[in-house]
Amino acid sequence: MSLGLTSSKTPRPTTVLLAMKNLREGALTRALLDVVSAIRKAGGRAIVASPGGGLVHELRHVGAIHATVPLDSEHPVTVSLNTGRLVDIIRASRVDIVHAFNRSPAWSAMKAARRTRTRLVTTVRALHPIHSAFERAYCMVMTEGDVITTPSHWLRDSLINEYGLDATRVMVVPHGVSMDSYDPERVGHTRPAQLAESWMLPEECAVILLPGSLDRSRGHAVLLRAMARLKRRDMVAVFPGADQGDDDAYRDEIRFLIARFGLEGRVLMPPETPYRAAALWLASVVVSPAIEPEGFNPAIIEAQAMGRPVVLSHHGASAELVRAGETAWLVPPNNSAALAAALQETLALSASERLALAERTRAFVSHTYSRERMCASLLTVYDALLQNQARAPLPLRAA
């Protein structure tokens, strides 16, 4: 697919400015790297504006230009200054499309795009809880895109209903993963062994992995209650990334439940690891017992790419992320008994059954959630905007 400006008398590479909150290790940043690579392969230019992070060098390696802009700030003065910085980049580099991936950078990106009459794309990956009119106004910036992309149909429908959006502006662009990066045979044994040592995993135990920050909505407490029901001494729950949570009351609640259920030594809460594939390699089963609907959970896709059994709550977009009965187990949310039964079933799988499951899960992800499909879908969105240059951008709304 070619990203060429057909409306220009002198054809030039299409330039896309991508605004990010940070470039730390994570599923969204990895997806950004794939998108940048696809833009370059299609003949376009990519400029990424962000405060920086550990993956800046990889970004430059795939051919993007990085502009250091403090887009993680929500302070009105900084947002205003960032708007001016982005306007300068748009004009100096003749940017054709601005794409914002988070709320804080979206404010500056939206204002800069409107000021320069540049096409704007926003990507919404979750419906954030709304507790006040101010929070609603703050979140609405993600609905200001000429095109709004979401990684799931459930999230698309929820967004349209919540904000009364024109359905033609909201497109589903499925999240994509690299099947090579999440190939269990390519991960090897060295990195997982090092990770197991740093986690101090007991030998000869089943590993139940619940990725993500220590957030009440993720359902850690539900998993602990399920483990208490099973009364098995041969399994360990790991919550990598629990250090990222800021709910101290919930952290104390988790520690209380661990002691109450006699799970000391069988629940590990190590820091977040950049070696996501190695963490999944160690897992006997990956769980997502979320008690609130999720619009998308990349860990579920990555776990299936690694051929691991998955158990997740049946609400939100979960049914889209798996094939129930074929690649995963869906259980009622906040139901520790159902979760315990599903865990017992997954841990009882024979070696041949696990191998057959892995073949099904990898085939499903390769067909539905590959990075190639994600990039092709997003380039199609970009091309559609470029072909519709005559239509004026949406007016700036005050919030």
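Residues numbered from 1 in each chain as written. Predicted model: local features only at pLDDT ≥ 70, side-chain atom pairs only at ≥ 80, totals over all residues. Heavy atoms only, no water.

## Focus: the sheet that holds strand S10 (residues 267-268)
Now for step 1: Spatially, six strands are ordered S10-S9-S8-S11-S12-S13 in an open sheet, and the strand pairing comes out parallel. The sheet is open, and its two borders are formed by S10 and strand S13 (329-331), each paired with just one other strand.
Now for step 2: Relative to strand S12 (residues 310-313), strand S11 (residues 285-288) runs parallel, the two sharing three bridges. Bridge assignment links Val286 to a residue of S12, and that residue is Val310.
Now for step 3: Where helix H9 (residues 220-230) meets the sheet, it contacts strand S8 (206-209), strand S9 (235-238), S10 and S11, and its direction lies at approximately 175° from that of S9.
Now for step 4: This element, helix H12 (residues 298-305), spans S11 and S12 of the sheet and lies at about 160° to S12. (Pairing = 2+ DSSP bridges. Helix = DSSP H or I, 4+ residues; strand = E, 2+ residues; numbered from the N terminus. Contact = heavy atoms within 4.5 Å. Axes fitted to C-alpha atoms, helices over the stretch in contact; angles between N-to-C directions.)

## Section: the environment of Ala64
Now for step 1: Along the chain, Ala64 turns up in the loop between helix H2 (56-61) and strand S3 (65-68).
Now for step 2: Here Ala64 falls in the buried class, since its relative accessible area comes to 7%.
Now for step 3: Between the C-alpha atoms of Ala64 and Leu195, which are 131 residues apart in sequence, the distance is 31 Å.
Now for step 4: In contact with Ala64, other than residues within four places in its own chain, are Val36, Ala46, Val48 and Leu59. (Buried < 20%, exposed > 50% of the residue type's maximum accessible area, 1.4 Å probe, protein only.)

## Topic: the packing of aromatic side chains
Aromatic ring pairs are reported here in terms of the distance separating the ring centres and the angle at which the planes meet.
Now for step 1: A complete count under the given rule lists three aromatic pairs for this structure.
Now for step 2: With a centroid separation of 6.3 Å and 50° between ring planes, the pair formed by Phe296 and Tyr369 is classed as tilted. Note that Phe296 is positioned in the loop between S11 and H12 and Tyr369 in the loop between helix H15 (351-368) and helix H16 (371-386), a separation of 73 residues in sequence.
Now for step 3: On the accessibility criterion, Phe296 (10% relative accessible area) is buried.
Now for step 4: For the pair Phe364 and Tyr369, a centre-to-centre distance of 6.0 Å together with 70° between the ring planes defines the contact as edge-to-face. Each member of the pair, Phe364 as well as Tyr369, is classed as buried.
Now for step 5: An aromatic cluster of three or more residues is present, and its members are Phe296, Phe364 and Tyr369.
Now for step 6: Its guanidinium or amino end placed over the ring of Tyr275, Arg191 lies 3.9 Å from that ring's centre, counting from NZ or CZ. (Phe/Tyr/Trp six-rings, centres within 6.5 Å; stacked < 30°, edge-to-face > 60°. Lys NZ or Arg CZ within 6 Å of the ring centre and 35° of its normal.)

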